Amino acid sequence: MNYEQIRYESADGIARITLNRPDRLNSFTTRMHGELRDALARVADDALARVLLLTGEGRGFCAGQDLADRAVAPGDAPVDLGASIESHYRPLVLALRSLPLPVVCAVNGVAAGAGANVALACDLVVACRSASFIQAFCKIGLVPDSGGTYFLPRAVGAARAMGLAMLGERLPAEQAAAWGLIWKCVDDAEFAATIDALLAELAQAPTAGLAATKRAMHASANATLEEQLDRERDLQRMRGQSDDYREGVAAFLGKRAPRFSGR
Ligand code: T3D
C-alpha cells in the first residue's frame, strides 16, 4: 500500500509509524485509518520488529477525527458515527493493544479526542513538556471513544476521569505524568534523545517476555486476584522454557550483559 498520510519505517528491530498530516494536527481521516491498519498488520507480520513507535509529525500528535470530513451542520441528515467507531477506531485500539511487542507512543504535541485515547492505548506513553491531552469530545456533544471511558478511570480514578471527560480541559503533559495517565513527561530539548534511547533499549529486550507481561497487565483490569495468580503461573511456565530466560540467567551468573533474541 502506498502511504500518503502516515510514514512507516522498520529497521534494527524498531518499527516506526508517524501520523503525517501536520497542517491538520494529524487528525484521522478514512484514508489515514486504512494506512494505519495496513502498517499495523505489517508490524504484526514483521518477525524482526521488537518495538513499535507511534508519533506525529509537526507540532501536534493527533487532534482526533478530522471534523472537516464530517461536514455536518444543524439540520443536516444524521451521520452514523457508530459505523466509524466500528470500522476504524475500535480496530485501531485493539490492534495496538494486541501487538505482541511493546508499543511506545511519543506524544510530540497536543493529543485531542481520539488522538488522546489512541495514545493511551499504547504501552509506554512519553510526552514532551509542551504536549497536552484534551478529551475534546464533550465540546461537540460526543462521548469519549477509542477506549477513553475505559482507560481514564482506571488510570486516574473516577473523579479526575469525569472532570476531564465533562470539561474537556487541556491537561498538560506534566500533570498527566503526575496523575499516572502516562509514563513520563520530558523536556522538549531531551524528547528525541529520550525516545531514541527507549527504543534502542526495547529493541534489545526479551520481547516475548514483554508481550506476556502486556497480556497479563491487560487481563488484570477485569480479573480476580486468583485469576491473575493463575495467569501469572501459566505465563511464567511458558517463559521458563524460553531462550531469553536461559540467556538472562546465564548472563546474570556470568556477570555479563544479556543478548536477548526476543524469543
Ligand atoms: O466522527 C467519528 O468518526 C466519531 C469519532 C470521533 C473521534 C474524535 O476524535 S471526536 C473529537 C475531534 N477532535 C476535536 O474535536 C479537536 C478539534 N481541535 C481542537 O480543538 C484544536 O485544534 C486543538 C485544541 C486540538 C489544538 O488547538 P490549536 O489552537 O493548537 O490549533 P488549531 O489552530 O485549532 O488547529 C490547527 C489547524 O488544524 C487548524 O486549521 P487552520 O485554521 O490552520 O486551517 C484546525 O482547523 C485544524 N484542526 C485541528 N483539529 C482538527 C483540525 N481540522 C480538522 N479536524 C480536527 N480534529
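Our structure's up above, just so we're on the same page.
Quick look at the structure, then.

Calculation notes
Residues numbered from 1 in each chain as written. Predicted model: local features only at pLDDT ≥ 70, side-chain atom pairs only at ≥ 80, totals over all residues. Heavy atoms only, no water. Axes fitted to C-alpha atoms, helices over the stretch in contact; angles between N-to-C directions. Helix = DSSP H or I, 4+ residues; strand = E, 2+ residues; numbered from the N terminus. Parallel < 35°, antiparallel > 145°, perpendicular 65-115°, else oblique. Left-handed = near helix turned anticlockwise from the far one by under 90°. Contact = heavy atoms within 4.5 Å. Nonpolar A, V, L, I, M, F, W, Y, C, P; charged D, E, K, R; others polar. Pairing = 2+ DSSP bridges.

Moving on, we get to the packing of helix H4 (residues 148-156) against helix H5 (residues 158-167). In the contact formed by H4 and H5, the axes pass within 7 Å of each other and the chain directions differ by 135°. Relative to H5, the element H4 lies oblique. In this structure, the crossing between H4 and H5 has a hand that is right-handed. Along its contact with H4, which presents Leu-152, Pro-153 and Val-156, the element H5 presents Ala-158, Arg-160, Ala-161 and Leu-164. Of the residues that constitute the contact of H4 with H5, the class distribution is 6 nonpolar, no polar and 1 charged.

Attention now moves to the environment of Ala-111. Tracing the sequence through the fold places Ala-111 in strand S6 (residues 110-112). Here the alpha-carbon distance between Ala-111 and Ser-132, two residues 21 residues apart in the chain, equals 6.1 Å. If sequence neighbours within four positions are ignored, Ala-111 has contacts with Phe-61, Cys-62, Ala-116, Ser-132, Phe-133 and Ile-134.

Turning our attention to the sheet that holds strand S9 (residues 170-172). With respect to topology, 4 strands assemble into an open sheet ordered S4-S6-S8-S9, the strand pairing being mixed. Two strands in the sheet have a free side with no partner beyond their single neighbour: strand S4 (60-62) and S9. Direction aside, the axes of adjacent strands within the sheet are offset by 20° on average. Both S4 and S6 contribute to a ladder of 2 bridges, which runs parallel. If you follow Gly-60 over to S6, its bridge partner there is Val-110.

Let us look at the sheet that holds strand S2 (residues 14-19). Reading across the sheet, the 6 strands line up as S1-S2-S3-S5-S7-S10 and stay open at both edges, with mixed pairing between neighbours. Sheet topology places strand S1 (6-11) and strand S10 (184-186) at the edges, where each strand pairs with a single neighbour. With direction set aside, neighbouring strand axes in the sheet form an average angle of 20°. Strand direction decides the pairing type here: S1 and S2, joined by 6 bridges, are antiparallel. What sits directly across from Ile-6, in S2, is Leu-19. Along the sheet face, helix H1 (residues 30-45) touches S1, S2 and strand S3 (51-56) and points at about 10° away from the line of S1. Across the sheet, helix H7 (residues 188-203) is in contact with S2, S3, strand S5 (103-107), strand S7 (124-128) and S10; its angle to S7 comes to roughly 160°.

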